[in-house]
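A closer look at the structure
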Amino acid sequence: MRVATLGSHSSLQILHGLKMEGLETAVITEKSRESFYRQFGFIDHVLSYQEPDQAVDLLNSAGDVIVPHGSLIEHIGLAKASKLKDKSIFGTRNLFQWESNQKRKMNLLRSAKIKVPKEFESPDDVDRRVIVKLPGAKGGKGYFLAEGKEEVRKGLERLRSIGLIKDEKEVLIQEYIVGVPMYFQFFRSVIRNRVEITGMDIRYESNVDGLRRLGKVDGVNPTFVVVGNIPVVARESLLPEIMNYAESFTTVVDQIVGPRMIGPFCLETVVTDEMEIVSFEFSGRIVAGTNLYVYGSPYSWLYWNEPMSVGRRIGRELKEAQERGKLQEVLT
Amino acid sequence: MRVATLGSHSSLQILHGLKMEGLETAVITEKSRESFYRQFGFIDHVLSYQEPDQAVDLLNSAGDVIVPHGSLIEHIGLAKASKLKDKSIFGTRNLFQWESNQKRKMNLLRSAKIKVPKEFESPDDVDRRVIVKLPGAKGGKGYFLAEGKEEVRKGLERLRSIGLIKDEKEVLIQEYIVGVPMYFQFFRSVIRNRVEITGMDIRYESNVDGLRRLGKVDGVNPTFVVVGNIPVVARESLLPEIMNYAESFTTVVDQIVGPRMIGPFCLETVVTDEMEIVSFEFSGRIVAGTNLYVYGSPYSWLYWNEPMSVGRRIGRELKEAQERGKLQEVLT
Amino acid sequence: MRVATLGSHSSLQILHGLKMEGLETAVITEKSRESFYRQFGFIDHVLSYQEPDQAVDLLNSAGDVIVPHGSLIEHIGLAKASKLKDKSIFGTRNLFQWESNQKRKMNLLRSAKIKVPKEFESPDDVDRRVIVKLPGAKGGKGYFLAEGKEEVRKGLERLRSIGLIKDEKEVLIQEYIVGVPMYFQFFRSVIRNRVEITGMDIRYESNVDGLRRLGKVDGVNPTFVVVGNIPVVARESLLPEIMNYAESFTTVVDQIVGPRMIGPFCLETVVTDEMEIVSFEFSGRIVAGTNLYVYGSPYSWLYWNEPMSVGRRIGRELKEAQERGKLQEVLT
């Protein structure tokens, strides 16, 4: 079985883990990064493209199985991603559509009875502190905080003027929950019929995580571009609740999105000082925060007596699926 | 030997580590969390209770040895904890009494000649920036900062009005040391007659660690509820001093508290920009920050050529004690 | 081969790693820390001095090879470091001179075509937000931020008045790049002819990383004394660029400093919200942030199927050099 992914996001971890499971690996990358990926011995094939258009064809020819991640959709686009050959994706292909629409995403969380922040249809409805988010997984680019409707309107005007949005309908206006961000990573194993906590992280965001050092700075607005991830563990008493969330989420994906939730996902949350866990987003595939745990996380060690990154966990699932003649159940 | 603990705080790490040492494990948990704990293969027995009252009986019947942690006392209460059967606790039972009284705790640190913040008996004495702390290990709930006596009085009034305290004598008013928090974790091995640094962490606190992103927010006060832990290592030149603190602490517990300091403890400190280490609290048992190091910490690897969590370290100490006929020396 | 280092900074990691590679280890330490270092089984020889003057003689007699780190130069001084016997240092001895002069350091980065902040010769030239840095690797002591020339002048006056500097020509006045700090650690292997990413960290600085909890506090200025390190991973799409920086850096050291870049180094950077990586400093030897990765980092696991700290990596390079008769190529 040859497995391919796009050279970005979490591809090093994925390919490293797949190789630990004995699979053949391929990376598809833009020409300028080819030499970077060639230095790693666990990548069997480095295939490069000059034009982004060629990425889909390369993916289709390079791998029996493709592992998607956040950059895959962003780089090649939703329409083109749908051209990846049938039964080639390890994961839930249908979720791509849901992930491209933040309002639909939030509704899916609501269906799973997961606590979510209040949402505002229009700037006029805003009656509290909110965060305004742009469509797509752009690493937080353009996100801004606002204290009421007037600040929302001004912020949207600014985004329009610099061309980041065309229409205010594109954005998601969410209540800003006061608490701390915490990103819970899971793996839904179809083969073992269980959900595992694979790790947790905090995003490291430019410039907001640098600004704190200066206090309020005149003329500099906080921005939320994710440039890295920091490891964290959660208070153990939060775990049973977040596991309930995760299991409920997979049930809802099985039922509403279909055919089933496959492999890694993440619940992006804020934990309040009342110990409430409020999810403001999900990712229906591997997140970059798992890159922290190439040799396993404090949670993966509870399930496995061997180093188990999420990349390797994907490889393990593929292998176990194949051994049991169930490969079709983890591919879409 | 069957070892039991309460399902919370650091129980996953403890039970996982005990099992790595070949011990039989049991968790006592409230009914609603039973299914959560059942998913982990390293827990031999999951015993659940409907009423908190039943926890002590279950602990007494489930284990030859009980490993206490921060939630154990908080959940079952100090009076009931004293009903745990004699010579069943791995750790220093007498410290429970000291830990329940913050002023007594600080005096113990002073006896060990560890630098501590100035303490104020009454709001009237306050002449600087202070932090006001509530009794018990409540994860920082209700803690507040104040700039002088007037703010202390107002804060206490608020805590009384919402029922968090009855009397201002309950709280600890401590000088707020400007610097960075750093939590140093240790293990006192009675069997090997040494103190080991097992790790370090920074607490991740809601909402204060989220608020930094907004700067000062009108109408939102910082709160200090610990919801997670972040790994950290210390400048190596801090280690000889903190080791002196730790050894001095064990000596003082041996002499004043008795019969001896057994197993894990933590010195909660602030490190100033003059590289002074000031301890504002201690924990006389395992802390949740050790959950970061299920596969060992940057410090445990210096002592052991194998993955050594604090949970496993407890198991190792129990095994070595038993092999040498010294089990009674590590149980109280 | 007996390898020695000074007892501070990253010596535990270095000596632990060397011992894993089967080398004989020695630590040179001031008398008061002798008992601290004696507790670790991987240190074969603990040699202590009463007077700092004796450190160089002890280093010369204790080891065939000396591993330098940030504290070595700071403790024994640049002039005395040059008295370490010829061909005894694992690393690029000539870089000591460059590292002692921050302006020269920045010029070396510029030669490697690495993006750097704008620099100001005199307070009078300052036209933006800057950070003012003191000479030497003093852990950030005395560093301050200023918004324009007037604040720079006041800050320098304060440093003079407390004796931290004599002359304003000593300091480096750098544009303050808004973004987040990220420290990229590398290892240049002469033997394997490649550059490896060995890890990343964020510095944990007193008091600035504590102050964020209070917001702006009257009368307390932020200070930047490094007291610890926190692990982080970077967005994968940053890696090809930072690898280019690292390779370009080694080429420039080979050519300009000579004889060649040997072993560990670090590019200290700020990553902006436009994903620009701006380097404001480098370290031409092991940095303390590598202490996080005594059992390997998320990056070292991509190169090695075994735990590989930077300390161990040094040991591996020494061994491989010796086996191939190339020891002289990694010593200066």
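Our subject in this report is the structure included herewith.

1. A few points about the pattern of salt bridges
The tally for this structure, following the rule as stated, stands at 88 salt bridges over all chains. For Glu119(A), the salt bridge goes to Arg110(A), with nearest N and O atoms at 3.0 Å. Measuring nitrogen to oxygen at the nearest pair gives 3.2 Å for the salt bridge that ties Glu24(C) to Arg2(C). Linking Glu24(C) in strand β2 (residues 24–30) with Arg2(C) in strand β1 (residues 2–6), this pair joins segments that are 22 residues apart in sequence. Each member of the salt-bridge network shares a partner with another, and the members are Glu21(A), Glu306(A), Arg312(A), Arg316(A) and Lys319(A).

2. Some remarks on the interface of chain A and chain B
When the parts of a complex come together, some accessible area is lost, and that lost area is often taken as the interface size. On the chain B side, the residues contacting the 41 residues of chain A number 40 residues. If you sort the residues of chain A by the area they bury against chain B, Glu236(A), Asp273(A) and Leu302(A) come out on top, with a joint share of 21%. At the boundary of chain A with chain B, the tally comes to zero salt bridges. Summed over the shared surface of chain A and chain B, the result is twelve residue pairs in polar contact (both at pLDDT 80 or more). Considering every element that reaches the side of chain A that touches chain B, the biggest residue donor is strand β10 (residues 194–207) of chain A, with four residues.

3. Things to note about the relation of the copies chain A and chain B
Its rotation angle being 120°, the transformation that places chain A on chain B also includes 0.0 Å of axial translation and leaves an RMSD of 0.0 Å. Considering both components of the superposition, the chain copies are consistent with a three-fold axis. When the interface residues of chain A are mapped onto chain B, a mere 15% of them are again interface residues, pointing to distinct binding faces.

4. Points about unusual backbone geometry
Looking along the chain, the bond that leaves Ser206(C) and enters Asn207(C) is cis, with omega of 0°. When you line up the elements, Asn207(C) lands in strand β10 (residues 194–207). A cis amide bond, omega -5°, links Gly258(C) with the succeeding residue Pro259(C). Its location among the elements puts Pro259(C) in the loop between α10 (239–257) and β13 (263–271). Its identity is not glycine, yet His9(A) carries a phi of approximately 65°, on the positive side. By the element assignment, His9(A) lies in the loop between β1 (2–6) and α1 (11–20). What makes His9(A) buried here is its relative accessible area of 13%. In the Ramachandran plot, Lys87(C) falls in the positive-phi region, its phi being about 55° despite a non-glycine side chain. By the element assignment, Lys87(C) lies in the loop between α5 (78–81) and α6 (95–99).

5. So, the packing of aromatic side chains
Counted under the stated rule, the structure contains 36 aromatic pairs over all chains. Here the aromatic rings of Phe249(C) and Phe282(C) are separated by 4.9 Å at their centres, their planes lie at 55°, and the arrangement is tilted. Residue Phe249(C) is found in helix α10, and its partner Phe282(C) is found in strand β14 (residues 277–283); the two are separated by 33 residues along the sequence. For the residue pair Phe249(C) and Phe282(C), the accessibility class agrees, reading buried in each case. Taken together, Tyr295(A), Trp301(A), Tyr295(B), Trp301(B), Tyr295(C) and Trp301(C) form an aromatic cluster joined through their ring pairs. Over the ring of Trp98(B) we find Arg104(B); its NZ or CZ atom is 4.1 Å from the centre of that ring.

6. Digging into helix α8 (residues 149–161) of chain A
Residues and elements named next belong to chain A. With 13 residues, α8 should cover 18 Å at 1.5 Å per step; its first-to-last C-alpha distance of 18 Å lies within 8% of that length. Listed in full, the buried residues belonging to α8 are Val152, Gly155, Leu156 and Leu159. For α8, the angular spread of the buried residues around the axis is 100°, confining them to a single face. Opposite the buried face of α8, by more than 90 degrees, sit the exposed residues Lys154 and Ser161. Elements in contact with the buried residues of α8: β6 (129–133), β7 (144–147) and β8 (172–175). Just beyond α8, the residue with positive phi is Gly163, at close to 80°.

7. Description of the interface of chain C and chain A
On the side of chain A, 40 residues touch chain C, which itself brings 41 residues to the contact. The contact between chain C and chain A buries some 3,500 Å² in all, and 61% of this surface belongs to carbon and sulfur atoms. Considering only the surface of chain C that becomes buried against chain A, Glu236(C), Asp273(C) and Leu302(C) emerge as the three largest contributors, covering 21% of it. The tally of links between chain C and chain A comes to zero salt bridges. For the pair chain C and chain A, the number of links is twelve residue pairs in polar contact (both at pLDDT 80 or more). Those elements that place two or more of their residues in the side of chain C that touches chain A are β7 (144–147), β9 (180–189), β10, α9 (208–211), β11 (224–231), β12 (233–234), α10 and α11 (300–303) of chain C. Per-class residue counts for the side of chain C that touches chain A are 26 nonpolar, four polar and eleven charged. As judged from the two bridges shared by strand β11 (residues 224–231) of chain A and β12(C), these two strands associate in the antiparallel manner. Bridge assignment links Gly228(A) to a residue of β12(C), and that residue is Ala234(C).

Definitions and limits used
- Residues numbered from 1 in each chain as written.
- Chains lettered and ligands numbered in written order.
- Predicted model: local features only at pLDDT ≥ 70, side-chain atom pairs only at ≥ 80, totals over all residues.
- Heavy atoms only, no water.
- Salt bridge = Lys/Arg side-chain N within 4 Å of Asp/Glu carboxyl O.
- Helix = DSSP H or I, 4+ residues; strand = E, 2+ residues; numbered from the N terminus.
- Contact = heavy atoms within 4.5 Å.
- Buried area = accessible area lost by both parts, 1.4 Å probe.
- Polar contact = N/O pair within 3.5 Å; in protein donor to acceptor, adjacent residues only side chain to side chain.
- Least-squares fit on C-alpha atoms with pLDDT ≥ 70 in both.
- Buried < 20%, exposed > 50% of the residue type's maximum accessible area, 1.4 Å probe, protein only.
- Phe/Tyr/Trp six-rings, centres within 6.5 Å; stacked < 30°, edge-to-face > 60°.
- Lys NZ or Arg CZ within 6 Å of the ring centre and 35° of its normal.
- Expected span 1.5 Å × (residues − 1).
- Arc of directions from axis to C-beta.
- Nonpolar A, V, L, I, M, F, W, Y, C, P; charged D, E, K, R; others polar.
- Pairing = 2+ DSSP bridges.

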